[in-house]
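Letter by letter, the chains look like this.
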Amino acid sequence: MDQTSTIRDHTMFRVILKGMSHPGKVYCLPVFTGEGPSIDDLLGCLMDNEVCFAVIDDRNLETVLARHTNSRQASSEDADYIIASKGSTLGKLGGFKRGSLEYPDTGATIIYLVEELSEAKGGIVLSGPGVKGTASLRITGLDPGELQLLREVNSEFPLGVDAIFLDRCGNIACIPRSSQIGVN
Amino acid sequence: MGYVAVKGGNEAIEKACQLFAYERTKGQSPPLGIDQIREQLYLAIDRVMGEGSLYAPDLAALAIKQSAGDTFEASFMLRAFRATQQRLGYSLPVSTEKMRVVRRISSAFKDIPGGQILGATSDYTLRLLDFDLLKNDEARRCAFREKVFSNLPTDAEIPSAFPKVISILRREGLLADTIEAAHKESRLSDITRQPLAFPASRSASLQALARGETGGMLALAYSSMRGYGNIHPTLGELRIGYLPLTMPHPVTGKPYVVGEVKVTEAEVLARMQGSDGVPRFSLGYGLCFGQNELKAISMAMLDRCTRTEKPSSPVEDQEFVLYHIDGIEAMGFCNHWKLPHYVDFLSDLDRLRKAQNLARTRNLSENADADV
Amino acid sequence: MLMYEWLQKDDELRADKAQTAGYPFGFMDDGAKKEIRRSILKAVAIPGYQAPYGSREMPIARGWGTGGIQITLSIVKPDDILKVIDQGCDGSVNAVNIKKFVAMVAGVTITTDTTAATIIQTRHRIPEERMTDQQILVLQVPYPEALREVEPSEIETRRMHAEADYSRMWLYLYEDIVNYGEITISYRYPVTVNGRYITDPSPIPRWDVPKLHMSETLFLFGAGREKRIYAIPPHTTVAPLEFEDHKFRTENFSGKACTRCGATDTYLDEVIDNAGVGRSYFCSDSGYCDKRRKTWNR
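Residues numbered from 1 in each chain as written. Chains lettered and ligands numbered in written order. Predicted model: local features only at pLDDT ≥ 70, side-chain atom pairs only at ≥ 80, totals over all residues.

On to the sheet that holds strand 4 (residues 119-123) of chain C. Residues and elements named next belong to chain C. Read from one edge of the open sheet, 7 strands run 1-9-8-5-4-2-3, paired in mixed fashion. The sheet is open, and its two edges are formed by strand 1 (51-52) and strand 3 (109-110), each paired on a single side. Pairing of strand 2 (residues 81-86) with strand 4, which is carried by 5 bridges, proceeds in the parallel orientation. In the strand pairing of strand 4, leucine 82 is matched with isoleucine 119. Strands strand 1, strand 8 (218-223) and strand 9 (228-232) of the sheet are contacted by helix 3 (residues 30-45), whose axis makes an angle of about 40 degrees with strand 9. (Pairing = 2+ DSSP bridges. Helix = DSSP H or I, 4+ residues; strand = E, 2+ residues; numbered from the N terminus. Contact = placed C-beta atoms within 7 Å. Axes fitted to C-alpha atoms, helices over the stretch in contact; angles between N-to-C directions.)

Written out as structure tokens, the structure reads:
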């Protein structure tokens, strides 16, 4: 890999790390090409042939990602990375890998592609590690049933999945399994 | 009193590195050639390649030269170099029956199909210093070489392949199936990519052992041979030679021989109870780069010992063995004690002083009570 | 290239020079970095839990900070400002080696000023000056397993963490109190992170443990030889293990001040004079001491 794309990966990852350490806060991904940051740029700094992934509801994206990251495709129950291409897991979230008590880190990471993210009031109320007091995260384009599914799948900490949200403008926000998800 | 200059550390370190290189180069003797090390210290090369986990004789020679003969440092350099190299792919599995043998013996049988081929070994030498070697006598070297090749039978039959001793045992139903269904691996581990998790898979365990430090492994295996544990081994076969390195062709995918690699292979047999109640021999397997018989035999012992159902000594504890045989990790950590630890020590000192005060106070009050 | 040649290069190393030397940006191959990043994200999502990872060899020996270096190299950007300290000191052996190496392969600017740094890599100390949410502290860890003191087996300590079965650790502390009148652990004082995992904060002195609790900054812990990464995110509870009647206490420096800058509120190194008799004290955090000296008129 050439120097430029390596440095891009580093820059991209720092933003993701910021997002995961500050749940509910919205961060802008770096832009490299004219079109704006895409899901394959985001996943390109994390995924390779050591992990496997599944895409919900977008066949084309499956092919693009497989080529871009060299990762293997798998069922959503076996995948390390699941991409919910339309802001929904179609009710399947409960079946994703939550890890084991000895190795909770083997739980999956889910990336929701949504419309818009903002820190405006009246959104999802988050608290826990990384959050000073509480944080409010507004998401448009997320299937309304997903939050409850997320609460359930993460109800037995340290087992769980970790969520990254990516909106159309290239902003991200994260909800790791350590977060408490309240209602507004 | 003078305070240790904060910025002085830089210069001191540079000078220390310079001095290290100087120690090696200050003498009158001509610099060692890489070819000299490769040819005349070939066993050190083999050891360093195995422990560095990189088959590269010239680089191993360079590392040995640069480290002034410190095999731990040399292995470390190879390992570090390995980490910078791009991974092209994995070679295809090869049977060691395909080995171009240069040495091959078995202790289990007096004679074996293909014969006991002693090869080049120091096993039978008398360990008497040869003072003739103090002189660099080129004429003597030439005469010796001529002598070796004179009077050789011109029509000696050399088999192109040697059957494995264990295949004889297998045919007669004497060898246990090493791989039980429950332990079959769908995907081989790669310990350079994933960390060891316990209980470790067979492929992970063998990889860790193959790159282990010879002395450490020998010490552990020796403990087992002497009786710590319940394995009573026999050397089924030891063979040394060149294995073809086969890769799938990048375009056609067909097997494609890219070269050959010298390895030592040891197979150790020990008695065990089969799952059907019928006793059989179980196999311990050792394989490492170059000619390193102590390591291969120790590896085979450790492979067998760490698969014991009920470990009764450290050498039978897989976690204990695999965590402590890596030379690079062991030497790094041992050396790290030379790093400054004064903050930690001071913290300890604070605790100790406090604990001493408490102990003294206690003693005083106990004595006072006694006096009353 | 030899280490001493690297050390001889001037401090103004840029990424383009690193490429000429034949090393990719960040030294390690992309596969290695991606694995580390994945582990880091999981570590942040599960505060205090030790995530295993492959751990590549570095040209610096195991036990000398390879875990910290691997984290730094996986997250560093060319515009980062890096500070590296060992026992609080910027000029120490270990710190110098590491910062030269990272500058060489990532082209970062080096600083001794805690407040100016974006990434600080440290061995056994947390800087005196409070860090912000724009900074990351990467700690080098020799023993990631807090429970190793009471249990040598990894299989068993994994189980203990899995089941939050920490009774043997508490018993160990209790026995300390019975034998010595108090908990004698000095550095590596065990803490409970986010109310769940008992975690080893690395061999920082007790003095530094309170800095981990509800901080603004992200703490990343790298154990290269033991092949673990763990994390304490900002705004996370970190509670040192203690009993109602035997509370956690930091080291006591009352009556002592730094000879160089006069500070009475920092962790002090004790230095014995040449005659082996007198004692002087100096701030362990050399960068902070330098700053104070500039503003403090003796």
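Moving on, there is more to tell.
On the chain C side, the residues contacting the 44 residues of chain B number 57 residues. Residue assignment for the side of chain B that touches chain C shows that the elements contributing at least two residues are helix 1 (9-25), helix 5 (71-84), helix 12 (327-336) and helix 13 (342-371) of chain B. Of the residues forming the side of chain B that touches chain C, the biggest block, 11 residues, is contributed by helix 13 of chain B.

With that settled, consider the domain arrangement of chain B. Residue and element names in this part refer to chain B. As far as domains go, chain B holds domain 1 (14-84) and domain 2 (96-121 + 156-180 + 191-330). Each of domain 1 and domain 2 was reduced to a C-alpha centroid, and the two centroids are 27 Å apart. At the junction of the two partners, domain 1 supplies 13 residues and domain 2 supplies 12 residues. Breaking the side of domain 1 that touches domain 2 down by element, the ones donating at least two residues are helix 3 (42-52) and helix 5. Sort the elements by how many residues they give to the side of domain 1 that touches domain 2 and helix 3 lands first, with 7 residues. Here the residues of the side of domain 1 that touches domain 2 sort into 6 nonpolar, 3 polar and 4 charged. (Domains from an automatic or database assignment. Nonpolar A, V, L, I, M, F, W, Y, C, P; charged D, E, K, R; others polar.)

Moving on: the pairing of strand 10 (residues 171-175) of chain A. Residues and elements named next belong to chain A. Of all 5 residues that make up strand 10, 4 are buried, and the element is covered over most of its length. Bridge analysis of strand 1 (residues 27-28) against strand 10 gives 2 bridges, and the strand direction is antiparallel. The residue bridging tyrosine 27 from the neighbouring strand is isoleucine 172, located in strand 10. Turn length for the strand 9 (residues 162-166)-strand 10 hairpin, with the two strands adjacent in sequence and antiparallel, is 4 residues, and the turn residue glycine 170 shows positive phi of about 85 degrees. (Buried ≥ 20, exposed ≤ 12 C-beta atoms within 10 Å, placed from the backbone.)

Residue and element names in this part refer to chain B. For chain B, the mean per-residue pLDDT works out to 88, and 95% of the residues sit at or above 70. Across chain B, element-level confidence peaks in helix 3 with a mean pLDDT of 98 and bottoms out in helix 13 with 82. Overall, residues 1-6 carries pLDDT values under 50, and its contacts beyond four positions in sequence, including any with other chains, amount to 9 contacts. This complex was scored by the predictor with a pTM of 0.84 and an ipTM of 0.97. (pLDDT = per-residue confidence, 0-100.)

Here we take up unusual backbone geometry. Cis geometry marks the peptide bond from phenylalanine 157 of chain A to proline 158 of chain A; its omega dihedral reads 10 degrees. With respect to the secondary-structure elements, proline 158 of chain A resides in the loop between helix 4 (146-153) and strand 9. Of note, the bond from phenylalanine 198 of chain B into proline 199 of chain B is cis; its omega dihedral lies within 30 degrees of zero at 0 degrees. Mapping proline 199 of chain B onto the fold places it in the loop between helix 7 (165-171) and helix 8 (202-210). Of note in this structure, alanine 164 of chain C is not a glycine but carries a positive phi near 50 degrees. Although it is not a glycine, serine 202 of chain C sits at a positive phi angle of roughly 80 degrees.

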